[in-house]
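Report on the structure
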Amino acid sequence: MPAPGNWLPLEEARAIVVQQGFKRGTDFYAWKDRPANIPSNPRDVYGSAWPGMAYFLGTGPAKPKRSAEQTEFLPFEEARAVARELMPRYGIVNQSGWFVFAKTSEKPANIPADPYSTYSGKGWVSWPDWLGRKASRASGREEVRPFVETRDFARTLGLKKSEEWYAWAATSDRPADIPYSPDTRYRHEGWIGWGDFLGFHSRWTHHGIISFLNSLNPCIEHLTELDLYLILSRNGMLRRDARLRCAKLLRGLTHVRSPEDLKKATGLFTAELQAEQESLSPDSTGDATREISLDELETTDGSSLRSLDILESLKVVDRVVELKITDDPEVLDFMVNERVDALWHEAMTSGEGAVASALLRLPDGEYSGMIRSRFVAQFEKLKSLPDPDGYRIVDAKGQPVELNLMQRLTAHRLLHQGRVGNWSGVGAGKTSAALYAAAVMDARMTLILAANSTVGSWRKTIRRSFPEDSTHVHDGKPLEFRFVNGERNFLVVNYESFQQAWSADFVKKVTEQAPIDFIVFDEVQFARQRHEAESRMSERRKQVNSLIDSTIAVNPDVRILAMSATPVVNNLREAVKLLELMLPGRDFSHVPVVASTANAINVHFLLREHGIRYVPRYEQQLSKTPVSIDGQEWFDQLSALRPRDVLQLEQTLLQAKLRHLGDWVRRGTLIYTHYVEGIVEPLTKALGQLGLKSHHFTGSERVNVEEFIDDFNNGQADVLIGSAPVGTGVDGLQFVLDRIVFITLPWSNAEYEQIVGRLWRQGSAFSKVDVIIPQVTLREERAGQWSWDDLRLRCIEYKQTLADAALDGIIPQGGLPSREEMQRRSLDALKLWSETVAKGLPLTAADQSHNATSPSGGPAPKPVL
């Protein structure tokens, strides 16, 4: 700000201001681009020369200069009577309030700004006497509104600064029961600060955060973690600021799920505020309400995401606006769309009746009405979809089943949007959704790209779904394909077909024979070669892109369906590449893919905008049993491991698990291992020693599922050892296997659910599926326990990975560490555990937080990594 002598002269400043076209003083005070040499408080700067705001803005004449007679003050008793009349209207309750009022143009010219100096020795008694506070109470004069009512009123004005408030309060628009100086009038009746009072925070302070938390109380139970994350992010509460010691308190705000949690969080902030204020000396110039960073916050208890009450969750968007929690149109639009999606998921899982009941009871509101109208419009179109002739939906055994809403919704969106992603969970019916859509669209030529292990299953399902003679399913080699006129043509090819020497010829041949109406990418992540470098496109991806470009050149309206329950596994770039494939012509190069919560949530929005996710509820019972194994014998080997070598850690832990393999594995078991090298071979040998015959479904050895089932039924196979490929696109195991043993765990909740879903799915031949998770554990009475397996399991259970954030919008409680970083931290915890055992001393509470599990051996806390 320039020194007082650097302000423009009044008339020069006025000339610039008049050019802005301001109509009111509030417009001037809200001027964001005000030049530095024009004062924000011109009345004070220009003093006696001040001609009034109307003249300064160019909307009225200058106020007349006061004459000498006009500046004579009234006698004391008359002036006091006038001051007492002014008090209730302007909310003046003390000396400070009077001086604030005296600076405004509302003060009569014949009343002094400093009555004490003017009337000392001329009748002056005291400030309470001057303001007549006792007389005011006795007179029965109308009181000002309670603080909360006044604050609610103030928040409707859209003001952002105290200066704007005073400019507005000096006008005739202010009701008589709204005080002119609320900061003095309500100082001991709930006043926190101007940001809280006006409902606007340009920077977040302790006071502002406490106010924000209080405003959440009426609706906290019906906001999702993602709602809170967006609100916090868009209103600036997630800005980094390392200066503040209370920064650790803010990360967990997104996990607050109940009034009790909210009360605890508010108490933490209040205690921190009091501690910081007490640390300031009376002469200190420090600011006790400094900005707070949200980057280091610890979560409160009970923060897991719960199922929302349908009706209340639909009403909460209007409530958020009403409480002035946010008015950001993008946040509100997200909340509306999120609830429309929630209605669809509720209809898919609980039935249409539950949704209809909630909509009938939903009161009219701007946003609740928007939610209802969007859902109803989509639903009515959905119900009007035809049941195509010649098509029937069947299960894996060929038995007819009814279409579910997800399958109808997929067809509806393909018809109206053209390109859609289906990110639904295992066993949701994605294959049938694709075939139903092909029937509804009456596609004459459908091309399906699938994993090699599922090509045969696709062909059989197509034939069962279209039993009439007018459907042609090509069984030969891709280059031998011939389009049959007058029939539904289905060509199912594996992704490997696009990385062969003849791939370009195949693409040319298939696109020249007939326009392709519909392309299905099953397990779309396979469109990118497994080890494709980030900096270059694989041959497979080049040929797939060529296929799409050639198809669009002939048929610009070709429909594209991308299917995967795990569109993100290792990094966010995977999801962006899938979207580029599914939406040719769209540029996603601007989407940041560095691993962070904010970027993962951004990808989540894109996946949700362009796709459908439905996770079915299964009738079969699922029993999950973590089994502890004493790992004390392997302590020396574990301690000697190289940091960030996860494979070596898993190979070491396998030694302890193999000793107990016979306790968990029997005929009818799927053994899953995320790692193959140094894992599968020892497993196979150990199974043989137990008299169990095994087949492999891993990266290099993939037995045909139907072959395995035949061998199983003939007694030639007992156990299937599978790695990551067994989790995608494999169907039929649910008829012969009912137990899963995780020798090494996958890395995300989505991957885990994919694997479990091979057996725990609709149409299973078993009423119960057992899941056994061996956990090598080091335990000592004083030091507690350490377990890498337990840490991994809890990260899966609490959805702490990048994939979970991107797919389901789950806000992780800590950062998003890499696998190597997790291993490094775990080994650090092992070292601490070892040192504590050696010293014979108990761990401190702070040290215990670094261990992988709770020292008592009971339920472990959620992992904060």
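This section reports on the structure supplied with the text. Given the structure is predicted, the values throughout are model-derived calculations rather than measurements.

1. Focus on the overall build of the protein chain
Counting its regular elements, the protein chain contains 37 helices and 14 strands. Relative to its full complement of 865 residues, the protein chain shows a buried share of 52%. Restricting the contact set of the protein chain to residue pairs at least 6 apart, pairs at least 24 apart contribute 76%. Just so you have it, the protein chain exposes about 38800 Å², and 48% of that area is on carbon and sulfur atoms.

2. Quick look at the packing of aromatic side chains
Applying the stated criterion across every chain yields a total of 31 aromatic pairs. Seen from their ring centres, F22 and W31 are 5.3 Å apart, and the 65° between their planes marks the pair as edge-to-face. Each member of the pair F22 and W31 is classed as buried. Taken together, a centroid distance of 6.2 Å and an interplanar angle of 65° make the contact between W747 and W788 edge-to-face. Of this pair, W747 sits in the loop between β12 (739-744) and α33 (749-756) while W788 is found in helix α34 (residues 788-797), placing the two residues 41 residues apart along the sequence. W788 shares its class with W747; the two are buried. Put simply, the rings of F76, W98, F101, Y119, W130, Y166 and Y180 touch in pairs and so form one group of aromatic residues.

3. Digging into the nonpolar core
One finds W344, W458, I462 and F518 to be the most contacted residues of the largest nonpolar core, which totals 82 residues. Contact partners of W458, with chain neighbours within four places excluded, come to T431, A434, L435, I448, A450, V492, V520, D522 and M563. L449, A527, V576 and L807 belong to the second largest nonpolar core, which has 46 residues in total.

4. A short note on unusual backbone geometry
Phi at K324 takes a positive value of approximately 65°, unusual for a residue other than glycine. You can see K324 is positioned in the loop between α17 (310-322) and α18 (329-350). The backbone of E523 shows a phi angle near 50°, a positive value even though the residue is not glycine. On the secondary structure map, E523 appears in the loop between β5 (518-522) and α25 (539-554). Owing to a relative accessible area of 5%, E523 belongs among the buried residues under this scheme.

5. Some remarks on helix α5 (residues 76-90)
Taking 1.5 Å of rise per residue, 15 residues should cover 21 Å, and α5 covers 20 Å from first to last C-alpha, within 8% of that figure. G91 sits one or two positions beyond α5 and adopts a positive phi of about 65°.

6. Examining helix α19 (residues 352-361)
All buried positions along α19 are accounted for by V355, A358 and L359. Looking down the long axis of α19, one finds its buried residues gathered within 100° of arc, a one-sided arrangement. Of the exposed residues in α19, the ones pointing more than 90 degrees away from its buried face are L360 and R361. Packed against the buried residues of α19 are α17, α18 and α20 (366-383).

7. Re the pairing of strand β13 (residues 768-780)
Every regular strand shows the same layout, with side chains that alternate between the two sheet faces. The buried fraction of β13 is high, at eleven of 13 residues. In the sheet, strand β8 (residues 621-630) pairs with β13 via ten bridges, with the strands oriented parallel. Counterpart to S623 in the pairing with β13 is D770. With three bridges connecting them, β12 and β13 associate as parallel partners. Across the sheet, the residue bridging to V741 is I772, located in β13. Sheet topology note: the β13/strand β14 (residues 784-786) ladder contains three bridges and is antiparallel. Residue pairing for β14: L778 is matched across the bridge by W786.

8. Examining the packing of helix α15 (residues 225-234) against helix α27 (residues 597-609)
Between two packed helices, both the angle of their axes relative to each other and the distance between the axes serve to describe the pair. Two elements in contact, α15 and α27, have axes whose closest approach is 12 Å; the angle formed by their N-to-C orientations is 115°. Crossing of α15 against α27: the hand is left-handed. Only T597, A598, I601, H604 and F605 of α27 make contact with α15, whose side of the interface consists of L226, Y229 and L230.

9. Describing the pattern of salt bridges
For the structure on display, the rule yields 24 salt bridges. R372 serves as the salt-bridge partner of D364, at 2.7 Å between the closest nitrogen and oxygen. Judged by relative accessible area, which is 74%, D364 ranks as exposed. Salt bridges here are not isolated pairs; linked through shared partners, they connect D227, E338 and R339.

Criteria and thresholds
Residues numbered from 1 in each chain as written. Predicted model: local features only at pLDDT ≥ 70, side-chain atom pairs only at ≥ 80, totals over all residues. Heavy atoms only, no water. Helix = DSSP H or I, 4+ residues; strand = E, 2+ residues; numbered from the N terminus. Buried < 20%, exposed > 50% of the residue type's maximum accessible area, 1.4 Å probe, protein only. Contact = heavy atoms within 4.5 Å. Areas by Shrake-Rupley, 256 points an atom, 1.4 Å probe, with all protein chains shown as cover. Phe/Tyr/Trp six-rings, centres within 6.5 Å; stacked < 30°, edge-to-face > 60°. Core = buried A, V, L, I, M, F, W, Y, C linked by side-chain atoms within 4.5 Å. Expected span 1.5 Å × (residues − 1). Arc of directions from axis to C-beta. Pairing = 2+ DSSP bridges. Axes fitted to C-alpha atoms, helices over the stretch in contact; angles between N-to-C directions. Left-handed = near helix turned anticlockwise from the far one by under 90°. Salt bridge = Lys/Arg side-chain N within 4 Å of Asp/Glu carboxyl O.

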